[in-house]
Amino acid sequence: MIAGFDLHGRTANVVQSRIEHDAFGAIEVPADRYWGAQTQRALGVFEVGDERFPVCLFRAFALQKIAAARANVRLGALDRAIGGPIELAAVELREGRFDDHFPLTIWQTGSGTQTNMNVNEVIANRANEMLGQPLGAKAPIHPNDHVNCSQSSNDSFPTVMHIVTSLEIRDRLLPALKTLRDELAAKAVSFSDVVKIGRTHLMDAVPMTMGQAFQAFYTQIDNCIARIEDALPRLHVVVQGGTAVGSGLNAAAGFDLAFCDELSALSGLAFTSNPSKFEGMGAHDTLVEVSGTLNTLAVCLLKVANDIRFLGSGPRCGLGELVIPHDGLTSSIMPGKRNPTIAEVVTQAAFQVIGNHATVTAAGASGNFELNVAKPVLIYNILQSIRILADSSRTFAVRLIHELDIDRQQLDLNVSNALLLATALNPILGYDKVAKITAKALSESTTPRESALALGFVSAEDYDRHVDPHLMAGIRNRDR
């Protein structure tokens, strides 16, 4: 029997258990759990925090174990009678059947050994169960000898780090970013003839179009997509086959190449073997690079989200140039108040990713000789960054950008009152006279047109011919 405990350390219930054995002797394991002795011991050692890997990591581990089993059978390192059940059990893991059988937090040995053993034990127990054996039998399939055949945690965990990051980028992040990019591009087109006043130093500048502003946003996201995609070929290089230190001790000859063949077929991605296993196990520069692209994306999203929420500020006392769609939420004290909640979610996600990159940077610098010993915290932060960037980008695209509108009346008012429309007169009057026009307009609260006429510097006809906000914004063929 194993005693369960509540949040205050009091005995809450008694769980039925079984006895498993490892190199250190016997230990009780909950009877209905598929993990084994090493995982149970780790639960008693690493009592730190409650941060756990997302299920995508364990499902990526399943791919790694399937590919390893197939490669071992192919090379004769495992009999098909052993490799087949391992593969079938790993397929069930891939399908999510055992998501609840990974109890460890990320705070464990820096190689990720305990999580690798957790996977090995779950697969071994399920494979033996398929063969009619009870949980904990460790025969005919052993978690170390068979599920971990030709492998070490030191090469398996970093391989899974590359697999899961590749899959999450392909299946989650890039589709979300492309949705956001396309929504921004659509707004750039629909707002292409809408003139607004540009702002530099947070101050009024000269005319531009709202479409040009959104073209800038689109370009930022498109560039971020390109940066992420540029890192993918390096991410698809894996170190499986290096075993303990990179030399390949105890791995079947050719295992690294056979593994990559099988993994590529399973994943649909072109994984290749790292020619220097020592580099790929002792350092994680590629993952730091990937995190850097996520950090850049976070900075980009901060710019876009902040600009949109500031342009939509109001509705009466702000800039009020954009109309942010209503999300159905309001203030707890101010009836009917509408806030740019989605944009604020995006900015908060960006803050988290920027902080995550600092952690990844430090973790990536923690390679000591032949092994980086901060793998769990490194991949945890990368996966969180991918997840929240993908989810917030998709929400931003669908719930805010898609329904975003403009307030033409407010934009027209802002443009007509803009002092620096007079900048178009510089080639005609010179800088100093134009400065007098803007100074007079500002001090007397008039338009620059009224100021220019009052000073007698230009006729009404010449002013209107030279000071055209649409031409100043680059709209050459507008029907007026």
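All of these numbers come straight from a predicted model, not from anything done at the bench. Numbering of residues starts from 1 in every chain and runs along the sequence as written. In keeping with the model being predicted, local features are shown solely for residues with a pLDDT of at least 70 and side-chain atom pairs are shown and tallied solely at 80 or more, while totals for entire chains, interfaces and linings include all residues. As a rule here, side-chain values cover all heavy atoms of the structure and leave hydrogens and water aside.

Peer 1: If you had to explain the packing of aromatic side chains to someone new, which residues and values would you point to?
Peer 2: Note on aromatic contacts: the rings of Phe and Tyr and the six-membered ring of Trp form a pair at centre separations within 6.5 Å, being stacked when their planes are under 30 degrees apart, edge-to-face when over 60 apart, and tilted otherwise. Tallied over the full model, the rule gives eight aromatic pairs. Ring geometry for Phe 255 and Phe 259: centres 6.0 Å apart, planes at 35 degrees, overall tilted. Of this pair, Phe 255 and Phe 259 both sit in helix α8 (residues 255–267), four residues apart, which is roughly one turn of that helix. Comparing Phe 255 with Phe 259 shows no difference in burial state: the two are buried. Taken together, Phe 53, Phe 58, Phe 61, Phe 102 and Phe 157 form an aromatic cluster joined through their ring pairs. To sit over a ring, a charge needs its Lys NZ or Arg CZ within 6 Å of the ring centre and within 35 degrees of the ring normal. The side chain of Lys 433 reaches across the aromatic face of Phe 457, ending 5.3 Å from its centre. Each helix is a run of H or I in the DSSP string that is no shorter than four residues. Each strand is a run of E no shorter than two, and both are numbered from the N terminus. Any residue under 20% of the maximum accessible area for its type is buried, any over 50% is exposed, and the rest in between are partly exposed; the area is computed with a 1.4 Å probe on protein chains only.

Peer 1: An account of the nonpolar core is requested, with residue identities and associated values reported.
Peer 2: We call a set of buried residues a nonpolar core when its members are Ala, Val, Leu, Ile, Met, Phe, Trp, Tyr or Cys and they connect through side-chain atoms within 4.5 Å of each other. Within the largest apolar cluster, 110 residues are counted, with the highest numbers of intra-cluster contacts made by Leu 173, Phe 214, Ile 308 and Phe 396. By residue number, the principal contributor to this core is helix α6 (residues 153–190), which donates 14 residues. When near neighbours in sequence (up to four residues on either side) are disregarded, Ile 308 contacts Phe 214, Phe 217, Leu 322, Ile 324, Phe 396, Leu 400, Ile 401 and Leu 404. The next biggest cluster of nonpolar side chains, apart from the first, holds 15 residues, and it includes Ile 197, Ala 418, Val 458 and Val 467. The contact criterion used throughout is that any non-hydrogen atoms of two residues lie within 4.5 Å.

Peer 1: Give me the lowdown on the packing of helix α10 (residues 285–311) against helix α11 (residues 341–364), citing residues and values where you can.
Peer 2: The axes used here are C-alpha line fits, helices contributing only the stretch in contact, and every angle between their N-to-C directions lies in the interval 0 to 180 degrees. Between α10 and α11, the shortest axis-to-axis distance is 8 Å and the interhelical angle comes to 160 degrees. As judged from the angle between their axes, α10 and α11 are roughly antiparallel. Here α10 runs over α11; the crossing is left-handed. Gly falls in the polar group here, along with every residue not listed as nonpolar (Ala, Val, Leu, Ile, Met, Phe, Trp, Tyr, Cys, Pro) or charged (Asp, Glu, Lys, Arg). Class assignment of the residues belonging to the contact of α10 with α11 gives a composition of 15 nonpolar, seven polar and two charged. Orientation categories follow fixed angle ranges, with anything under 35 degrees roughly parallel, anything over 145 roughly antiparallel, 65 to 115 roughly perpendicular, and all other angles oblique. Crossing handedness is read from the near helix: turned anticlockwise from the far helix by less than a right angle, it gives a left-handed crossing, and turned clockwise, a right-handed one.

Peer 1: How would you summarise the side chain of Gln 151 if you had to cite specific residues and measurements?
Peer 2: If you trace the backbone, Gln 151 turns up in the loop between α5 (143–147) and α6. A polar contact of 2.8 Å, which involves the side chain of Gln 151, links it to the backbone oxygen of Cys 149. The residues touching Gln 151, leaving out its near neighbours within four places in the chain, are Gln 64, Lys 65, Ala 68, Asn 72, Ser 156, Gln 240, Thr 243 and Phe 255. Here a polar contact is taken to be a pair of N or O atoms separated by no more than 3.5 Å, where protein atoms must pair a possible hydrogen donor with a possible acceptor and residues adjacent in sequence count only if both atoms sit in side chains.

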